[in-house]
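# Structure at a glance
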Amino acid sequence: MIDFVQNTVDGMMFGSSYALLAIGFTIIFGVMRRINLSFGATIMLGAYIGTWLHVHHQVSVWIVALTTLASTVLVGIYVERLCFHAIRRSAVLASMVSSFVIWMQLEEAAIHLLPERTYAFPALFAAVSFELGPFLFRAEQTSMLVLAMIMVGALHVLLYRTRFGLALRAVSENPLAAAYMGINAAWVTLCAFALVSLMGGVAGYAILSTDAQITPFFGLWATFKGLIAMMLGGMGSLPGAILGGLLLGVVEAHALWYLGNEYKDLSAYLLLFGMLVLRPGGLMGQRILSREALAFRRV
Amino acid sequence: MLELRRLSVSYGGILAVDEASLEVRPGEIVSIIGANGAGKTSILNAISGIVSPEKGEIIFEGESIGGLPAHTVVARGIVQVPEGRMIFGTLSVEENLQVAAHQRGRFILRRRSRSSLRRLFPALADKLDNPAAGLSGGEAQMLALARGLESRPRMLLLDEPSLGLSPKLAEEVFGLIRRLREQGITILLVEQNVRRTLALADRAYVLESGRITLHGSAAELMADERLVSNYLGISAPEPSNPDR
């Protein structure tokens, strides 16, 4: 029983980072109705720039953390300009393919920056743990959960209490109506990319700190985890993204404990497969869909 | 106030508006009359920057605004209330109003005062927290108009404001348009209901297949036999009209 609780808590801590990745996919899907496949690679390159500074200029861990966040935002803006802004809204497939192509480009850039296979990633928190009753907490995982909670809280305030958040929700529901109301959808979209890149940067930094190493495969990994968590929760639903991330983390933690490391990813894929068969809209997707149907019928 | 000079709009090579010229003077209600597909909405969309004109000029208060993006046009004081209302169903009534006011507001959203809303839109004032998806057709049209006014436009472009409304609700909408003009807002109106529109408007333009074929004061057009037979049915115009 203690193991079960411990695994669940560990899974939720790690899952909080999956939730941040899933929120990134969900917000861009909401605004653009497209999936940004290069989101994971964006975070990876941002972290690589931070690591590069550490390897070649021995900057402090704080500088690495800040550089990782700042460069993830810049790479996110670059992706938006090149593969979403430049391609017409109606060309859904073209921008999906181009986001895949940019993924490859960002991976190449990272390999040119630091050509070896893996590098140590400088963590902000030392690998210490503390005990609370029968349970063990690792400092870097606890900080991951705390960071994610702060980010989600800030996002909630931004979306529901500010003009920018309102404009973002308006563009997500109906870009044409938003244009009639004088909202600059291109600017809102650019800011949305910067915002989710910042959140992705935080999640990426927290995950890489826990792993203590970075490889170019981190891009693929982050894209997979974020997409799976989003689809578990339901496309385009923010509560769904959080639930999906936590669920994915918990299932992985239990699979790791009871089945072993080789079944960790497999169990995640099986979970997604089962969800897509039994409840294709995801955990929260059905409700969102029916609410939109209501909107269409009445207005 | 607003002048279109030989405006042409086309979609993928198909001409929707063909060298249309018209003028709206300050304080006027001017109407564009025409059958479905005549290009009425295309003219409004070109003015508000939703589509780019192919040729011709759009002059607003002495400056050319043709081809400017929609958010710039709204900032200059022209707001379009689109056909079909385009209310944000997932947002609350209040949020729908705040969306429109976003260009001149603070970053942090604040609750609006209800008193100003109650004067023109009493039906909405008590439903500010309701999701807009739950409004009736008439309420949704009122919200669309109220939302258009939130940006404090000097000129409103109204696209089929009475479409899908019962005669009684349509009458309310027309009454509201009249009050807006009294407040100094200039109005360019596109409507299917020709008789009612001519009763309301100062002047009107008749659009056929993208071309303006006729224009004049509302009274002149009401007396025009061809217009009357094409758009009002064959019966002669009513001798006295209670709307004017």
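Definitions and limits used
Residues numbered from 1 in each chain as written. Chains lettered and ligands numbered in written order. Predicted model: local features only at pLDDT ≥ 70, side-chain atom pairs only at ≥ 80, totals over all residues. Helix = DSSP H or I, 4+ residues; strand = E, 2+ residues; numbered from the N terminus. Rg over C-alpha atoms; globule rule 2.2 N^0.38 Å. Buried ≥ 20, exposed ≤ 12 C-beta atoms within 10 Å, placed from the backbone. Contact = placed C-beta atoms within 7 Å. Nonpolar A, V, L, I, M, F, W, Y, C, P; charged D, E, K, R; others polar. Right-handed = clockwise from strand over helix to strand, strands pointing away. Pairing = 2+ DSSP bridges. Axes fitted to C-alpha atoms, helices over the stretch in contact; angles between N-to-C directions. Parallel < 35°, antiparallel > 145°, perpendicular 65-115°, else oblique. pLDDT = per-residue confidence, 0-100. Expected span 1.5 Å × (residues − 1). Left-handed = near helix turned anticlockwise from the far one by under 90°. Core = buried A, V, L, I, M, F, W, Y, C linked by C-beta atoms within 7 Å.

### Topic: the overall build of chain A
The helix and strand tally for chain A stands at 12 helices and four strands. Taken over C-alpha atoms, the radius of gyration comes to 19 Å for chain A, in line with the 19 Å a tight globule of 299 residues would show. Over its C-alpha atoms, taken along the principal directions, chain A stretches across nearly 55 × 50 × 35 Å. Burial statistics for chain A: of 299 residues in total, 49% are counted as buried. The contacts in chain A between residues at least 6 apart in sequence include a share of 76% that link residues at least 24 apart.

### Structural notes on the interface of chain A and chain B
Listed per partner, the contact involves 22 residues of chain A and 32 residues of chain B. Contributions of two or more residues to the side of chain A that touches chain B are made by α6 (163-173), α7 (175-180) and α12 (285-298) of chain A. The element best represented in the side of chain A that touches chain B is α6(A), accounting for six residues. Class assignment for the residues of the side of chain A that touches chain B results in 12 nonpolar, four polar and six charged.

### Overview of the environment of D126(B)
Residues and elements named next belong to chain B. You can see D126 is positioned in the loop between α5 (122-125) and α6 (137-150). The exposed category is assigned to D126, around which 12 C-beta atoms lie within 10 Å. A sequence separation of 33 residues divides D126 from V93, and the C-alpha atoms of the two residues are 9.8 Å apart.

### Quick look at the pairing of strand β7 (residues 155-159) of chain B
Sheet faces and side chains relate simply in a regular strand, where the side chains alternate between the two faces. Residue and element names in this part refer to chain B. In terms of burial, β7 is a largely internal element, five of the five residues being buried. Residues M155, L157 and D159 line one face of β7 and the alternating positions L156 and L158 line the opposite face, and both faces are buried. At this point the chain moves from β7, through helix α7 (residues 167-182), to the parallel strand β8 (residues 186-190), and the crossover so formed is right-handed.

### What about the sheet that holds strand β9 (residues 203-208) of chain B?
All names here are of chain B. Taken in spatial order, the six strands line up as β6-β7-β8-β3-β9-β10 in an open sheet, and their pairing is mixed. The open sheet has two free edges, formed respectively by β6 (78-81) and β10 (211-217), since each of these has just one partner strand. Direction aside, the axes of adjacent strands within the sheet are offset by 15° on average. Bridge analysis of β6 against β7 gives four bridges, and the strand direction is parallel. Paired with Q80 across the bridge in β7 is L157. Sitting on the sheet, helix α1 (residues 40-47) touches β3 (29-34), β6, β7, β8 and β9, and the angle it makes with β7 is about 150°.

### Observations regarding the packing of helix α1 (residues 2-32) of chain A against helix α9 (residues 218-233) of chain A
Residues and elements named next belong to chain A. For the pair α1 and α9, interaxial distance at closest approach is 8 Å and the crossing angle is 75°. Here α1 is positioned roughly perpendicular relative to α9, judged by the angle of their axes. Of α9, the residues touching α1 (which contributes Y18, A19, L21, A22, G24, F25 and T26) are A222, K225, G226, L227, A229, M230 and G233. For the contact of α1 with α9, a count of residues per class yields nine nonpolar, four polar and one charged.

### Focus: the confidence of the model for chain A
Of the residues in chain A, 95% have a pLDDT of 70 or more, and the chain-wide mean is 88. Here α12(A) is the element of chain A with the lowest mean pLDDT, 46, and helix α2 (residues 39-57) of chain A is the one with the highest, 95.

### Examining α7(B)
All names here are of chain B. Given a rise of 1.5 Å per residue, 16 residues ought to cover 22 Å, and the 23 Å separating the end C-alpha atoms of α7 matches this to within 8%. Residues of α7 that are buried in the fold lie against α6, β7, β8 and α8 (194-200). Residue G184 follows α7 closely and has a positive phi angle near 95°.

### Some words on the pairing of strand β3 (residues 135-138) of chain A
Residues and elements named next belong to chain A. Two strands pair when backbone bridges link them, and strand β2 (residues 129-132) and β3 are joined in this way by four bridges, in the antiparallel orientation. Along β3, the bridge assignment pairs E131 with L136. Between β2 and β3, which follow one another and run antiparallel, lie two residues, and G133 among them has a positive phi close to 65°.

### Side note on the sheet that holds strand β2 (residues 14-24) of chain B
Residue and element names in this part refer to chain B. One open sheet accounts for four strands, arranged β2-β1-β4-β5; its pairing is antiparallel. The sheet is open, and its two edges are formed by β2 and β5 (63-64), each paired on a single side. Where α1 meets the sheet, its contacts fall on β1 (2-11), β2 and β4 (55-60), and the angle it forms with β2 comes to roughly 70°.

### Describing unusual backbone geometry
All names here are of chain B. Unlike most non-glycine residues, E19 shows phi in positive territory, near 50°. At S209, a position not held by glycine, the phi torsion is positive, near 45°. Here S209 lies in the loop between β9 and β10. Overall, S209 belongs to the partly exposed group, with 14 C-beta atoms counted inside 10 Å.

### Overview of the packing of helix α3 (residues 93-100) of chain B against α6(B)
Residues and elements named next belong to chain B. Interaxial distance between α3 and α6 falls to 7 Å at its minimum, and their mutual angle equals 35°. Relative to α6, α3 is oriented so that their crossing is right-handed. The segment α3 lies against α6, with V93, N96, L97 and A100 engaging L143, A146, R147, G148 and E150. Of the residues that constitute the contact of α3 with α6, the class distribution is five nonpolar, two polar and two charged.

### Points about the environment of V152(A)
Residue and element names in this part refer to chain A. One can find V152 in helix α5 (residues 139-161). A tally of 18 C-beta atoms within 10 Å means that V152 is categorised as partly exposed. A sequence separation of 96 residues divides V152 from L248, and the C-alpha atoms of the two residues are 17 Å apart.

### Structural notes on the confidence of the model for chain B
Residue and element names in this part refer to chain B. Taken over all residues, the pLDDT of chain B has a mean of 87, while the share at 70 or more is 92%. In the model, residues 234-239 has pLDDT below 50 throughout and makes five contacts with residues more than four positions away in sequence or in other chains. Note on the complex model: pTM 0.87, ipTM 0.89.

### What to know about the nonpolar core
Among the nonpolar cores identified, the biggest contains 157 residues, and A19(A), M44(A), A229(A) and L143(B) are the most heavily contacted of them. Looking at which element gives the most residues to this core, the answer is helix α8 (residues 185-211) of chain A, with 14 residues. Discounting residues that sit within four places of it in the chain, A229(A) has contacts with Y18(A), A19(A), L21(A), A22(A), A241(A), G244(A), G245(A) and L248(A).

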